Each structure stands twice: as structure tokens, then as C-alpha cells.
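Here's the letter readout for the chains.
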Amino acid sequence: MNNNKTLLALCMGAGLLASSNTHAFWFGSSGYTQTKYPVVLAHGMLGFDSILGVDYWYGIPAALRRDGASVYITEVSQLNTSEARGEELLAQVEDIVAISGKPKVNLIGHSHGGPTIRYVAAVSPNLIASATSVGAPHKGSAAADFIRQVPPGSAGEILLAGIVNGLGTLINFLSGSSSTSPQNALGSLESLNSQGAARFNAKFPQGIPTTACGEGAYSVGGVRYYSWSGTSPVTNIIDPSDLLLGATALTFKGEANDGLVGRCSSRMGKVIRDNYRMNHLDEVNQTLGLTSLFETDPVTVYRQHANRLKNDGL
């Protein structure tokens, strides 16, 4: 990530954000989302910044900017270990700090972005004001455990890894990502299953509950930790992704989950709420905003959190 091309892209983005925020100010920005430090969004497994004009964080950055937030969207390896993705994100955070002129950032990570931001907050707490996870499998995912039952080194594992790596490579290409790290589906799987998550938590315990379904420390090393998640795999009958998440939810054997992450596994630091009527994609306002009509709009949840960070002096 630390190359002239990427730095230029970030600088241009910063300029656009500054223009966007100034425009919002002159035309009636309320300042509701105007945090002290920039908001940095980190995607999950097989994530991206934008593909064919569709943002991963659908409608969220614009809504945050509209009322004063400075928002940066990052992109790391679609498939890799939490540590490898964390190193990529750290390089981008260092660039953002240099560009923004602010000494710290507020990290928000969805899904595998949760462990990714935790890595950055643990190794460079001086750069991080807060770390917020959204639908992140901090103690592993039953879906990942189910897939891990495929025998290591078997033909089935090789075939499955090849297919998933190919998908990651395609997403990387379509999004125009600057990440050159090879796709590592097995690395992602080892990071997201229960055993891999336990190993990661032993090295980076900040904010993680010590009990099965408790709350973790709210503030560690000067970093504030927050989390929220959903527990409704199927939320909108016309959203085709609900079919897939409804199927993967069956791997949880009765545990409340969002289709890919269990309720208790999602908890970190100050738990804002762990039972939104949202599935794993609703948590980033996907697919294309087709979320539950009976729950707070996901965009509103992010706006409320930005205001929370603002009120907490972050």
C-alpha cells in the first residue's frame, strides 16, 4: 500500500472529502457525525471498496460525510490471515494519519474486518482512537468450523480453496485494488474458525470478553472498543442473498446468528447491541439497501455511532 500511486489516490480522496465536508457545512450540515478523528472503514472477507459503482458500505460513507465526518475507505486482501490483513490496513492507516493531519483514527471493521482492526489497534494503539467491530467473529464462526471439517490436504480442500481464491482474485481485479498479496482462502479459514480465533485472541486479547457471552474491556491502551451485530439471517424476501445466509445459519445449531457470525462471538468491548434484526450483509446495508422494514435503517445505526464517538470525544 505504501507506494506513490496509492498515496496519490488517498490524497485525492482526502481532497474530495474535504470538499464534501465543506459543501455540507455551507448547505446546513448539522455536525451530528463530526468526529474528532477520521472514520476509517475496513471490509470483511471477500470485501472491496467499490465494484462497478456499487460500494461495499452501501450509502454509509456519504451519510456520515453529509453531517461532518471525514471518512476513508480502505481495501486489504480479500482472503488472508487476520495478521496479514492487519499489516496491510496498518500501512493505510499510517498514510491516512499523514494525509489528514490528525494523530489518530476511528476504525470500524465489518466481519473479518473486526479482527483486522483489532490487530492494528493492538500493535499501534498510538494511532487509534477507537475500534468498532460490526458482525465480527471474535471467537470464531460455526460456518467456518463446518467448512473446516473438510480434511486438510484433501482433494476437496484443494478444490474449495481454488474456487474461493479465484473469487477473491476476481473481486480484487474488479475493484481495482492496489493490494498485490496472493489470495489465501485457507489462511482466512484458519483465522475465522474457533481454534484460529482462540489463538489470535491469546495474542491480541484487547476488548475481548473473558466469559462466554460477556463484555470486554471498554478502554485498553488508550483505545476505546465497541461492537454491534445482528441475529436475523433472513430479513427481506426480495433480497437474494438472504437465501444463502439462511442456509449458512443452519450450521449454528440453534445459536442466534446473522447467518455467518454468532451473537456471543460478535461481542467486543462496549456492546451497543447484539441482536439487531439484521443479517451479515444488512450490517453494511447490502444488498443494495434491501434490509428489514422492521428495524432501524443500517445507515442510521452508523450515523448514531459516529455521534456516539463524537460525544465520547473521539
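Note that this is a predicted model, so its numbers are computed, not measured.

Caption draft 1: Broad picture of the UniProt feature "domain: AB hydrolase-1" (unreviewed entry) in the chain. The UniProt feature table records "domain: AB hydrolase-1" (unreviewed entry) at residues 37-283. Measuring from the first to the last C-alpha atom of residues 37-283 gives 23 Å, for a span that is 36% helix and 17% strand.

Caption draft 2: Broad picture of the nonpolar core. Leu89, Val93, Val105, Leu107, Val120 and Ile128 are the most contacted members of the largest nonpolar core, which has 25 residues in total. At the level of elements, strand 1 (39-42), helix 3 (82-100), strand 5 (105-110), helix 4 (113-123), strand 6 (128-134) and strand 8 (223-230) are the ones that each hand at least two residues to this core. One finds Leu41, Leu64, Trp228 and Val301 within the second-largest nonpolar core, a separate group that totals 22 residues.

Caption draft 3: Representation of the state of the cysteines. Within this structure, the stated rule accounts for 1 disulfide. Note that Cys213 is cross-linked by a disulfide to Cys264, the S-S spacing being 2.1 Å. When the S-S torsion is -90°, as for the bridge of Cys213 with Cys264, the disulfide is left-handed. Of this pair, Cys213 sits in the loop between helix 8 (194-203) and strand 7 (219-220) while Cys264 sits in the loop between helix 9 (241-248) and strand 9 (270-276), placing them 51 residues apart in sequence. Residue classification places Cys264 among the partly exposed positions, given a relative accessible area of 27%.

Caption draft 4: Expanded view of the pattern of salt bridges. Applying the stated criterion across every chain yields a total of 8 salt bridges. Among the salt bridges present, the one from Glu190 reaches Arg199, with a minimum N-O distance of 3.8 Å. The exposure class of Glu190 is partly exposed, given its relative accessible area of 29%. Note that Arg273 is salt-bridged to Glu295, the shortest N-O span being 3.0 Å. Of this pair, Arg273 sits in strand 9 while Glu295 is found in the loop between strand 9 and helix 10 (298-311), placing the two residues 22 residues apart along the sequence. Looking at Arg273, the relative accessible area reads 30%, which means it is partly exposed. Classification of Glu295 as buried rests on a relative accessible area of 16%. Through salt bridges with shared partners, a single network forms among Arg148, Glu157, Glu190 and Arg199.

Caption draft 5: Broad picture of helix 8. When we look at burial in helix 8, the residues that qualify are Gly196, Ala197, Phe200 and Asn201. Each buried residue of helix 8 sits inside an arc of 135° when the element is viewed along its axis, so together they form one side. Pointing more than 90 degrees away from the buried face of helix 8 are the exposed residues Gln195 and Ala202. Where helix 8 is buried, its residues meet helix 3, helix 4 and helix 7 (185-192). Two to three positions downstream of the cap, the backbone nitrogen of Gln195 sits 3.3 Å from a side-chain oxygen, assigning the N-cap of helix 8 to Asn193.

Caption draft 6: Structural detail: the environment of Met45. Here Met45 shows up in the loop between strand 1 and strand 2 (50-51). Judged by its relative accessible area of 37%, Met45 is partly exposed. C-alpha separation for the pair Met45 and Ser178, spaced 133 residues apart in sequence, amounts to 16 Å. Excluding its chain neighbours within four sequence positions, the residues that come into contact with Met45 are Gln78, Leu79, Arg85, Ser111, His112, Ser188 and Leu192.

Caption draft 7: View of the side chain of Asn201. Within the element layout of this structure, Asn201 appears in helix 8. Dropping the residues within four chain positions of it, Asn201 is found in contact with Arg118, His138, Lys139 and Ile208.

Caption draft 8: Spotlight on empty space enclosed by the protein. Counted by the stated rule, this structure contains 2 cavities of 30 Å³ or more. Estimated volume of the largest cavity: approximately 40 Å³. For the largest cavity, the full set of lining residues is Ser82, Pro115, Arg118, Pro137, His138, Ser191, Ala197, Phe200 and Asn201. For the lining of the largest cavity, the secondary-structure elements that each account for two or more residues are helix 4 and helix 8. When residues in the lining of the largest cavity are grouped by element, the largest group, 3 residues, is from helix 8.

Caption draft 9: Here's a closer look at the confidence of the model for the chain. Taken as a whole, the chain shows an average pLDDT of 91; of its residues, 91% reach a score of 70 or greater. Here residues 1-27 is a poorly scored stretch, pLDDT under 50, and it has 31 contacts once near neighbours within four places are set aside; other chains count.

So, how was this worked out
Residues numbered from 1 in each chain as written. Predicted model: local features only at pLDDT ≥ 70, side-chain atom pairs only at ≥ 80, totals over all residues. Heavy atoms only, no water. UniProt positions renumbered as here; feature names shortened; annotations may be inferred. Helix = DSSP H or I, 4+ residues; strand = E, 2+ residues; numbered from the N terminus. Core = buried A, V, L, I, M, F, W, Y, C linked by side-chain atoms within 4.5 Å. Buried < 20%, exposed > 50% of the residue type's maximum accessible area, 1.4 Å probe, protein only. Disulfide = S-S within 2.5 Å. Salt bridge = Lys/Arg side-chain N within 4 Å of Asp/Glu carboxyl O. Arc of directions from axis to C-beta. Contact = heavy atoms within 4.5 Å. Polar contact = N/O pair within 3.5 Å; in protein donor to acceptor, adjacent residues only side chain to side chain. 1 Å grid on protein atoms, 1.4 Å probe; cavity = no way out; pocket = protein on both sides within 12 Å on 5 of 7 lines; lining within 4 Å. Points joined across faces, edges and corners; volume = space filled by probe spheres on them. pLDDT = per-residue confidence, 0-100.

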